[in-house]
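Chains, contacts and geometry: an overview
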Amino acid sequence: DAGVIQSPRHEVTEMGQEVTLRCKPISGHNSLFWYRQTMMRGLELLIYFNNNVPIDDSGMPEDRFSAKMPNASFSTLKIQPSEPRDSAVYFCASSLSQGSETQYFGPGTRLLVL
Amino acid sequence: GQNIDQPTEMTATEGAIVQINCTYQTSGFNGLFWYQQHAGEAPTFLSYNVLDGLEEKGRFSSFLSRSKGYSYLLLKELQMKDSASYLCAARGYGQNFVFGPGTRLSVLP
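What counts and what doesn't
Residues numbered from 1 in each chain as written. Chains lettered and ligands numbered in written order. Predicted model: local features only at pLDDT ≥ 70, side-chain atom pairs only at ≥ 80, totals over all residues. Heavy atoms only, no water. Phe/Tyr/Trp six-rings, centres within 6.5 Å; stacked < 30°, edge-to-face > 60°. Contact = heavy atoms within 4.5 Å. Buried area = accessible area lost by both parts, 1.4 Å probe. Salt bridge = Lys/Arg side-chain N within 4 Å of Asp/Glu carboxyl O. Polar contact = N/O pair within 3.5 Å; in protein donor to acceptor, adjacent residues only side chain to side chain. Helix = DSSP H or I, 4+ residues; strand = E, 2+ residues; numbered from the N terminus. Nonpolar A, V, L, I, M, F, W, Y, C, P; charged D, E, K, R; others polar. Buried < 20%, exposed > 50% of the residue type's maximum accessible area, 1.4 Å probe, protein only. Pairing = 2+ DSSP bridges. Axes fitted to C-alpha atoms, helices over the stretch in contact; angles between N-to-C directions. Core = buried A, V, L, I, M, F, W, Y, C linked by side-chain atoms within 4.5 Å. Patch = residues over 30% accessible without salt bridge, like charges linked within 9 Å, V, L, I, M, F, W, Y side chains within 5 Å. Areas by Shrake-Rupley, 256 points an atom, 1.4 Å probe, with all protein chains shown as cover.

Remarks on the packing of aromatic side chains
- Considering all chains together, one arrives at 18 aromatic pairs over all chains under this definition.
- Linked through ring pairs, Phe33(A), Tyr35(A), Tyr48(A), Phe91(A), Phe105(A), Phe33(B), Tyr35(B), Phe45(B), Tyr48(B), Phe97(B) and Phe99(B) together constitute an aromatic cluster.

This is the structure:
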């Protein structure tokens, strides 16, 4: 199994630009999570999906952030417009089902907004 | 509110035993997790506790006391490759995970 796949691995953009991060969960996993990690705030859960349905987006920082999961094998996290404070590593993780013990993290996308 | 505390840094010697403590407060409780994260890499799952007591998995063990909101991760026979950050995470209602700031462990020869 290839594990959780994220793209791009690195993204450098200018303030005000739209950024789209992509994630392919492990095949057969029904839960998908988006996290953000910074030195100041650590690892924060932004949103999670069960069976492609957003369950809890209370961690999404503001309306500039949106996430979708159009099918079981693909999810996007979009930031529009981006700001320098959005610079972070964004991780996608998946688990077999709601309540599963183990989440498998993707390699992350390192985002730098200038 | 939700809060997780763990020491920022720890240092130990190769071959020794180290205990990393974690205290938590969450809205509801549905499990306590430990993850390992090497610099520049993604977190990887180490252990899971939902009932009080000790869970042992090779060189790593994790303990939970729900009444005290307390957990620890015990690493035995430390190896250089164990130098990493260790993240404590509590799962609240649903799949609401709250991660601690992480403890950076340095293993010295």
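Past the structure itself, the notes keep going.
Some words on the interface of chain A and chain B
- Each partner contributes residues to the interface: chain A has 22 residues there, and chain B has 17 residues.
- Taking both sides of the interface into account, the surface hidden between chain A and chain B amounts to around 1,500 Å²; carbon and sulfur atoms contribute 55%.
- The largest share of the area that chain A buries against chain B comes from Leu43(A), Glu101(A) and Phe105(A), three residues that together contribute 32% of it.
- Our enumeration of links across chain A and chain B arrives at 0 salt bridges.
- Along the contact surface separating chain A from chain B lie 3 residue pairs in polar contact (both at pLDDT 80 or more).
- Of all the secondary structure elements, the ones that give two or more residues to the side of chain A that touches chain B are strand S4 (31–38), strand S5 (42–50) and strand S9 (88–95) of chain A.
- Residues belonging to the side of chain A that touches chain B are distributed by class as follows: 8 nonpolar, 11 polar and 3 charged.

Overview of the pattern of salt bridges
Residue and element names in this part refer to chain A.
- The tally for this structure, following the rule as stated, stands at 12 salt bridges over all chains.
- A salt bridge links Lys-78 to Glu-18; the nearest nitrogen and oxygen atoms lie 3.9 Å apart. On the criterion of sequence distance, the pair formed by Lys-78 in strand S8 (residues 74–79) and Glu-18 in the loop between strand S2 (10–13) and strand S3 (19–24) is long-range, its members being 60 residues apart.
- Residue Glu-83 is joined to Arg-64 by a salt bridge in which the shortest nitrogen-to-oxygen separation is 3.5 Å. On the criterion of sequence distance, the pair formed by Glu-83 in the loop between S8 and S9 and Arg-64 in the loop between strand S6 (53–56) and strand S7 (65–71) is long-range, its members being 19 residues apart.
- The exposure class assigned to Arg-64 is buried, which follows from its relative accessible area of 10%.
- Three or more residues joined by partner-sharing salt bridges are found here, namely Glu-62, Arg-64, Glu-83, Arg-85 and Asp-86.

Concerning the sheet that holds strand S6 (residues 53–57) of chain B
Residues and elements named next belong to chain B.
- Taken together, the 5 strands give an open sheet; going across it, the order is S1-S3-S8-S7-S6, and neighbouring strands pair in antiparallel fashion. At either margin of the open sheet sits one strand with a lone partner, and together these are strand S1 (3–5) and S6. Neighbour to neighbour, the strand axes of the sheet diverge by 15° on average, direction disregarded.
- Here strand S7 (residues 60–65) runs beside strand S8 (residues 70–75); their pairing, made up of 6 bridges, is antiparallel.

Here's the deal with the nonpolar core
- Judged by nonpolar contacts, the single largest core of 22 residues is most densely connected at Trp34(B), Leu75(B), Tyr86(B) and Leu105(B).
- If you list the elements that add at least two residues to this core, you get strand S2 (9–13), strand S3 (18–25), strand S4 (32–37), S7, S8, strand S9 (84–91) and strand S11 (103–108) of chain B.
- Val4(A), Cys23(A), Met60(A) and Leu111(A) belong to the second largest nonpolar core, which has 21 residues in total.

Let's talk about a nonpolar patch on the surface
- Together, Val12(A), Leu112(A) and Leu114(A) give the surface a local cluster of nonpolar side chains, amounting to about 290 Å² of exposed area.
- When you line up the elements, Leu114(A) lands in the segment after strand S11 (109–113).

Quick notes on the pairing of S11(B)
Residues and elements named next belong to chain B.
- In S11, alternate side chains face the same way, and those of Thr-103, Leu-105 and Val-107 are buried while those of Arg-104, Ser-106 and Leu-108 on the opposite face are not.
- As judged from the 5 bridges shared by S2 and S11, these two strands associate in the parallel manner. Looking at the pairing, Met-10 lines up with Leu-105 of S11.
- Relative to S11, S9 is paired through 3 bridges, and the arrangement is antiparallel. Counted as the bridge partner of Tyr-86 is Thr-103 from S11.

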